[in-house]
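One-letter residues, chain by chain:
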Protein chains: 2
Amino acid sequence: MNDKTAPRPGGRSARVQTAVHSAVREIQKKFEHERLTVPSIAARAGVNPTTIYRRWGTLDSLLADVALERMQPEQIPEDFGNLHDDLANWMEAFIDEMASDPGRAMLREVLGTQGHACTGKCDNYIRQQIEVITKRADDRREKSLAVDEVVQFIVAPLMYRMLFSDETSKEKEIESLIRTTISNTE
Amino acid sequence: MNDKTAPRPGGRSARVQTAVHSAVREIQKKFEHERLTVPSIAARAGVNPTTIYRRWGTLDSLLADVALERMQPEQIPEDFGNLHDDLANWMEAFIDEMASDPGRAMLREVLGTQGHACTGKCDNYIRQQIEVITKRADDRREKSLAVDEVVQFIVAPLMYRMLFSDETSKEKEIESLIRTTISNTE
């Protein structure tokens, strides 16, 4: 926060700041309500609102569906013969995709939508892919990881870093995180 | 995803889905552009647009400021005499606040805004608080943790869980995560 944004309380500068901040909040609130309603979507799509309610149930469920269309995995993670390589290759491709412009737009939409429908589906897709990888390691009689361990120790830190510090983790860092996690959970 | 949302391609049902999805995207796009502009904020706030540009520089910087007003910590984390208790108490209060309705609204705003200004400030606030805690442990000649380790192993998994699975971690789980992290990094 630079100095310009912390004006002396009570002064002209503080009054401007209050007025501008309130304006932003009012506009945001107004459009948050007006922006997307089932009737407005129905009118633009040329369908009956009841069609939307019947098929999607709620507006939130429809929005989740739209945001997550691109998130649904098209294929199962490739088999590289061992747990470390399977995880590293899947994770690197996943982070690449999420950090791309359309990936970031999708995450903004998913994380900016009220309710749990969007984020829950997103988490499910991630867990489904991890489950394929960890089950394959079990089948090979390799030491494997629980899906929760992969989410907690590998996916979460990489996701936090991408979302909050705007840095995309490099291949080497992803691989080192995976190696550490596998050896720590021995 | 339930069966209702995966209609046979080419049928009436698929056409409805395509039309509704396009409508949602068009409306979202339209309002994304119309919603917040410096002139509209200036008009509503009763100030000159140049005032806004002069003070905040860009629209993104103003939006970051508004969203993060409530995020700025009001006090430094309380001193409980040791690293584990300092981290546990701060983390529990932080997660409580973020998982509340206004906390979630703030996170949606921060994570739903394009660009890095909002999320970067949010990450900075978190790191500043952690730094106070880890420095205090250093001063006590306790074994401490790096700020990055706290973010990666404690903040990131709790944040992921709250954002993506809508579950708020319980005190016991937070404390166990902190204990494990402190002993793993020995």
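Computed from a predicted model, the values in this text were never measured in an experiment.

A.B. asks: Account for the overall build of chain A, with residues named and values stated.
C.D. replies: The helix and strand tally for chain A stands at nine helices and zero strands. Reading chain A from its N terminus to its C terminus gives the helix and strand order α-α-α-α-α-α-α-α-α. Of all 186 residues assigned to chain A, the portion counted as buried reaches 48%. Put simply, 66% of the contacts in chain A that link residues at least 6 apart link residues at least 24 apart. Total accessible area on chain A is roughly 9500 Å²; 47% of this is exposed by carbon and sulfur atoms.

A.B. asks: I'd love a proper account of the confidence of the model for chain A, names of residues and values included.
C.D. replies: Mean pLDDT for chain A: 82, with 85% of residues reaching 70 or above. Contacts for the low-pLDDT stretch residues 1–7 of chain A, under 50 throughout, to residues beyond four places or in other chains number 13 contacts.

A.B. asks: Provide a residue-level description of the packing of helix α5 (residues 83–99) of chain A against helix α8 (residues 147–165) of chain A, including the pertinent values.
C.D. replies: All names here are of chain A. Closest axis-to-axis distance for the α5/α8 pair is 11 Å, and the angle between their directions is 30°. Considering their axes alone, α5 and α8 lie roughly parallel with respect to each other. Like other packed secondary-structure pairs, α5 and α8 cross with a definite hand, here right-handed. Residues Leu87, Trp90, Met91, Phe94, Ile95, Met98 and Ala99 of α5 touch α8, and the partners they reach there are Val150, Ile154, Val155, Leu158, Met159 and Met162. When the residues that make up the contact of α5 with α8 are grouped by side-chain class, the tally is 13 nonpolar, no polar and no charged.

A.B. asks: Account for the nonpolar core, with residues named and values stated.
C.D. replies: Ile126(A), Met91(B) and Ile126(B) are the most contacted members of the largest nonpolar core, which totals 82 residues. With residues up to four places along the chain from it excluded, the contact list for Met91(B) reads Ile154(B), Val155(B), Leu158(B), Ile174(B) and Ile178(B).

A.B. asks: An account of the packing of aromatic side chains is requested, with residue identities and associated values reported.
C.D. replies: Enumeration over the complete set of coordinates arrives at four aromatic pairs over all chains. Summarising the aromatic geometry, the rings of Trp90(A) and Phe94(A) are spaced 5.3 Å apart at their centres and angled 25° between planes, so their arrangement reads as stacked. Of the two residues, Trp90(A) and Phe94(A) are both situated in helix α5; the distance of four residues between them amounts to about one turn of the helix. On the accessibility criterion, Trp90(A) (11% relative accessible area) is buried. Classification of Phe94(A) as buried rests on a relative accessible area of 9%. Arranged with centres 4.6 Å apart and planes meeting at 20°, the rings of Tyr160(B) and Phe164(B) form a pair that is stacked. Placement of both Tyr160(B) and Phe164(B) in helix α8 (residues 147–164) is noted, with a separation of four residues, approximately one turn of the helix. Take Tyr160(B) and Phe164(B): they sit in the same class, and that class is buried.

A.B. asks: Any details on the pattern of salt bridges? Residues and values, ideally.
C.D. replies: By the definition in use, this model includes 20 salt bridges over all chains. As a salt-bridge pair, Arg140(A) and Asp86(A) come within 3.0 Å of each other at their nearest N and O atoms. Remark: Asp86(A) occurs in helix α5 and Arg140(A) occurs in the loop between α7 (117–139) and α8; sequence separation between them is 54 residues. The salt bridge partner of Arg127(B) is Asp123(B), with a shortest N-O separation of 3.0 Å. Linking Arg127(B) with Asp123(B), this pair stays in helix α7 (residues 117–139), spanning four residues, or about one helical turn. Its relative accessible area of 23% is what places Arg127(B) among the partly exposed residues.

A.B. asks: Lay out the state of the cysteines in plain terms, naming residues and giving numbers.
C.D. replies: Residues and elements named next belong to chain A. Summed over all chains, the structure comprises zero disulfides over all chains. No disulfide involves Cys118; its sulfur sits 8.7 Å from that of Cys122, the nearest cysteine. Residue Cys118 is classed as buried on the basis of its relative accessible area, which comes to 2%.

Criteria and cut-off values
- Residues numbered from 1 in each chain as written.
- Chains lettered and ligands numbered in written order.
- Predicted model: local features only at pLDDT ≥ 70, side-chain atom pairs only at ≥ 80, totals over all residues.
- Heavy atoms only, no water.
- Helix = DSSP H or I, 4+ residues; strand = E, 2+ residues; numbered from the N terminus.
- Buried < 20%, exposed > 50% of the residue type's maximum accessible area, 1.4 Å probe, protein only.
- Contact = heavy atoms within 4.5 Å.
- Areas by Shrake-Rupley, 256 points an atom, 1.4 Å probe, with all protein chains shown as cover.
- pLDDT = per-residue confidence, 0-100.
- Axes fitted to C-alpha atoms, helices over the stretch in contact; angles between N-to-C directions.
- Parallel < 35°, antiparallel > 145°, perpendicular 65-115°, else oblique.
- Left-handed = near helix turned anticlockwise from the far one by under 90°.
- Nonpolar A, V, L, I, M, F, W, Y, C, P; charged D, E, K, R; others polar.
- Core = buried A, V, L, I, M, F, W, Y, C linked by side-chain atoms within 4.5 Å.
- Phe/Tyr/Trp six-rings, centres within 6.5 Å; stacked < 30°, edge-to-face > 60°.
- Salt bridge = Lys/Arg side-chain N within 4 Å of Asp/Glu carboxyl O.
- Disulfide = S-S within 2.5 Å.

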